[in-house]
Amino acid sequence: MNGESRDAAGDTVERTTDRTSTFGRDDARAVADAHADALASLAAELTGDGRRVTRDAVGDWRTLFPGAVVTPADERYGDARRVWNGLVSAYPAAVAYPTTPDDVARVVGTARETGVGIATRSGGHSSVGTSTGDGVLVCDVGAMREVTVDPDAGVAVVEPGVTIGELDAATTEHGLATPQGVAPEVGVTGLTLGGGTGYLSRAHGLACDRLRRVELVTAAGRRVTASPDSNPDLFRAVRGAGGDFGVAVELAFDLVSVPDEVAMCDTWFPVEDADDIAALLREYRERLRDAPRATNVSPYVARVPDDPAFPADSAGKLALCVLGAHGGDPGEGERALAPFRALGGDDVEPVFERAERVRYRELQAYLGGDSTPGDRYYWTSVAVESFTDDLVDLVAERMTALPGDEDTVVVWPLGGAVADLAPAETAVPERDAEAVLNFEAQWVDPADDDGHVSWARESVESVREIGAVTGELPNFSGTERGDAAARSVYTDNYEWLREAKESWDPDGVFSPSGRL
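Residues numbered from 1 in each chain as written. Predicted model: local features only at pLDDT ≥ 70, side-chain atom pairs only at ≥ 80, totals over all residues. Heavy atoms only, no water.

### Concerning the overall build of the protein chain
Across its full length, the protein chain holds 15 helices and 20 strands. Over its C-alpha atoms the protein chain spans a radius of gyration of 22 Å, differing by no more than 12% from the 24 Å that the globule rule assigns to 516 residues. Along the longest, intermediate and shortest principal axes, the C-alpha atoms of the protein chain span 70 × 55 × 45 Å. Looking at the protein chain residue by residue over its 516 residues, the buried ones come to 58%. When contacts within the protein chain are restricted to residue pairs at least 6 apart in sequence, those whose partners lie at least 24 apart make up 73%. With an accessible surface of roughly 19200 Å², the protein chain has 44% of that area assigned to carbon and sulfur atoms. Side chains of the protein chain give 47 positive and 90 negative charges; the mean places of these two sets differ by 4 Å. (Helix = DSSP H or I, 4+ residues; strand = E, 2+ residues; numbered from the N terminus. Rg over C-alpha atoms; globule rule 2.2 N^0.38 Å. Buried < 20%, exposed > 50% of the residue type's maximum accessible area, 1.4 Å probe, protein only. Contact = heavy atoms within 4.5 Å. Areas by Shrake-Rupley, 256 points an atom, 1.4 Å probe, with all protein chains shown as cover. Lys, Arg positive; Asp, Glu negative; His and termini not counted. Charge placed at Lys NZ, Arg CZ, Asp CG, Glu CD.)

This is the structure in structure tokens:
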């Protein structure tokens, strides 16, 4: 399915599952040459703004060039076109690095005037590949990284290049936070505008639910405010489908109080087969239904690592891991998490457990670095109205059919505050779902693409055949494009999202970066 060759500059040219064209560096250079004057003018207009951004500041896999426009003829192009997901290999016509909202408007204007379209990159971690594209102008806002917190008002204002870790560092100084993801290196903007699930979701909603306003540069090059009182149709759409409607240049979040320490657990239960997994998942499901809404517990499957923290005779064996946290009083949290640590009763002895009180920032960093930049990722999901016995059995079977040691299935709980909003209040339709089933493939060798991608896709299709589904999490929705993919993600919200798209981006300036 996937072939590989080298272009003239030594870049690997990969033909991924969903990119069947032969577009490569030479094609990107031809597009850039056709618009050389416009790109040169853009480069002259970008300010750079005196900001100092180093490789260390954004991780060892990514380089930023603030104020620059990098084209295929530039020796920096190999670094500039790189994204975190190695399965996504695209050749943009150019990558621009604005450092101010005015710069962003210039980038959008150039994309509109040349007709190449635009893809927006903030953290660069988009597993679905929306932060790049063949022949487009990439607007990389990673150098715009300021965070301002007003603890009295309970509000954080962030620029679009800020990471989850940077936002947490600023807010927790004041005993505050806003629901975000579970990896500190991930960008706030992409995660939030794609919905955003995290440890505080059941207690306080999705990341996009805590937005009070977003400042965007639209396809027309205008800076507008989207909020409940200003352009409410746009505000409704960007919360879950943000990349299709403009480039966010500022986000404001309502913050919530978090205790100095929160209760967490990470318990690994040994399992031999699908029947063992299904029995534990049934217990998990019933206990989650009775748990306080501040309780977020997520089971996933993994191979026991060859690590001194684990029994040596368990290395390589399958385990059902239960990762849990409670967003409120730590004493209440410990009591709420205790039933999940005892799945299987006295008949099951965990092979590993960490259960303690930790600072919220430590919890947020717990899974940091688990996903290696440059590895190949295909993450897809499906939300189910009810985690029925039939679905439990199916998930258990898929957990034992992993094609590789780094692949996993994650059961992510919803409910609680996530269900406080109706499905049509934002672009994210999963409000009435009990859980999201994530099928996450991670591997290295392109020759293994077929096995991993097929396993994930077949898993989702099997779920659809059994259960009532409510859509896919936009941030975990494979790498497919087109109308069918959009309908699968947004379900009943698709029609009004298309209307909003026609209103705010009638010429499809942002279409290369999204699905609508």
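### Points about the sheet that holds strand β7 (residues 147–150)
Ordered in space as β7-β8-β12-β10-β11, the five strands form an open sheet in which the pairing is antiparallel. In the strand order of this sheet, the two ends are held by β7 and β11 (223–226), each with one partner. Between one strand axis and the next, the sheet turns through 15° on average, direction left out of account. Alignment of β7 against strand β8 (residues 155–158), held across four bridges, turns out to be antiparallel. Within β8, the residue paired with Thr148 across the bridge is Val157. (Pairing = 2+ DSSP bridges. Axes fitted to C-alpha atoms, helices over the stretch in contact; angles between N-to-C directions.)

### Describing the sheet that holds strand β6 (residues 137–140)
With mixed pairing, the four strands of this open sheet are ordered in space as β3-β4-β6-β5. The sheet terminates laterally at β3 (69–70) and β5 (118–121), the two strands that pair on one side only. Of the strand pairs in this sheet, β3 and strand β4 (residues 94–96) are connected by two bridges, and their pairing is antiparallel. By the bridge assignment for β4, Val69 is matched with Ala96. Against the sheet, helix α4 (residues 101–114) touches β4, β5 and β6, its axis set at about 170° to β6.

### Some thoughts on the packing of aromatic side chains
Under the criterion given, the structure shown has 10 aromatic pairs. Aromatic pair Trp84 and Trp379: ring centres 5.5 Å apart, planes at 65°, arrangement edge-to-face. Highlighted residues: Trp84 in the loop between α3 (77–80) and β4 and Trp379 in strand β18 (residues 376–384), separated in sequence by 295 residues. Like Trp379, Trp84 is buried. Look at Trp268 and Phe352: their rings are 6.3 Å apart centre to centre, the planes differ by 85°, and that puts the pair in the edge-to-face class. A residue pair is termed long-range when its members are at least 10 positions apart, and Trp268 in strand β14 (residues 262–270) and Phe352 in strand β17 (residues 352–358) qualify at 84 residues. Each of the two residues, Trp268 as well as Phe352, counts as buried. (Phe/Tyr/Trp six-rings, centres within 6.5 Å; stacked < 30°, edge-to-face > 60°.)

### Quick notes on the confidence of the model for the protein chain
Low pLDDT means the predicted coordinates in that region are not meant to be read closely. Model confidence for the protein chain is summarised by a mean pLDDT of 91, while 94% of its residues fall at 70 or above. The model gives residues 1–10 a pLDDT under 50, and that stretch makes 28 contacts with residues more than four places away or in other chains. Predicted confidence is poor over residues 12–19, with pLDDT under 50, and the contacts of this stretch with residues over four places away or in other chains come to 40 contacts. (pLDDT = per-residue confidence, 0-100.)

### Notes on unusual backbone geometry
Of note, the phi angle at Asn231 is positive, near 50°, even though the residue is not glycine. Position of Asn231 relative to the elements: it lies in the loop between β11 and α8 (232–241). On the basis of relative accessibility, which here comes to 27%, the residue Asn231 falls in the partly exposed class. Unlike most non-glycine residues, Thr491 shows phi in positive territory, near 45°. By secondary structure assignment, the location of Thr491 is in the loop between α14 (483–490) and α15 (494–504). By relative accessible area, which is 30% here, Thr491 ends up partly exposed.

### Here's the deal with the pattern of salt bridges
Throughout the structure, instances matching the rule amount to 32 salt bridges. One salt bridge connects Arg29 with Asp26, and the closest N-O pair in it is separated by 3.0 Å. Taken together, the residues span about one helical turn, with Arg29 and Asp26 both in helix α1 (residues 25–34) at a distance of three residues. Residues Asp393 and Arg282 are paired through a salt bridge, measuring 2.8 Å at the closest nitrogen-oxygen approach. Within this pair, whereas Asp393 is found in helix α12 (residues 389–399), its partner Arg282 is found in helix α9 (residues 274–289), the two being separated by 111 residues in sequence. Each of the salt bridges in this network shares a partner with another, and the network as a whole consists of Arg282, Arg285, Glu286, Arg289, Asp389, Asp393 and Glu434. (Salt bridge = Lys/Arg side-chain N within 4 Å of Asp/Glu carboxyl O.)

### Let's talk about the packing of α12 against helix α13 (residues 449–466)
Contact geometry for α12 and α13: axes closest at 10 Å, N-to-C directions at 170°. As summarised for this structure, α12 and α13 are arranged roughly antiparallel, according to the angle between their axes. Facing Asp390, Leu391, Leu394 and Arg398 of α12, the residues of α13 in contact are Trp455, Glu458, Ser459, Ser462, Val463 and Ile466. (Parallel < 35°, antiparallel > 145°, perpendicular 65-115°, else oblique.)

### Remarks on the nonpolar core
Among the nonpolar cores identified, the biggest contains 43 residues, and Met399, Leu437 and Phe439 are the most heavily contacted of them. Excluding residues within four positions of it along the chain, Phe439 makes contact with Tyr378, Trp379, Thr380, Val382, Arg398, Thr408, Val409, Trp455, Ala456, Ser459, Val460 and Val463. Within the second largest apolar cluster, 37 residues are counted, among which are Ala248, Ala427, Trp496 and Leu497. (Core = buried A, V, L, I, M, F, W, Y, C linked by side-chain atoms within 4.5 Å.)

### Topic: α15
For α15, the complete set of buried residues consists of Tyr494, Trp496, Leu497, Ala500, Lys501 and Trp504. All buried residues of α15 lie within an arc of 165° about the axis, which places them on one face of the element. Among the structural elements, β11, α8 and α14 are those in contact with the buried residues of α15. (Arc of directions from axis to C-beta.)

### Re the environment of Phe439
Considering the arrangement of structural elements, one finds Phe439 in strand β20 (residues 435–443). Judged by relative accessible area, Phe439 falls into the buried class, the value being 1%. Residues Phe439 and Gly327, 112 residues apart in the sequence, show an inter-C-alpha distance of 26 Å.

### Examining α9
In this model, α9 (16 residues) spans 22 Å end to end at C-alpha, consistent with the 22 Å of a helix rising 1.5 Å per residue. Along α9, the residues that are buried comprise Ile277, Ala278, Leu280, Leu281, Tyr284, Arg285 and Leu288. One side of α9 holds all its buried residues, which, seen down the axis, span an arc of 165°. At the N-terminal boundary of α9, the capping side chain belongs to Asp273, with an oxygen 3.2 Å from the backbone nitrogen of Asp275. (Expected span 1.5 Å × (residues − 1). Polar contact = N/O pair within 3.5 Å; in protein donor to acceptor, adjacent residues only side chain to side chain.)

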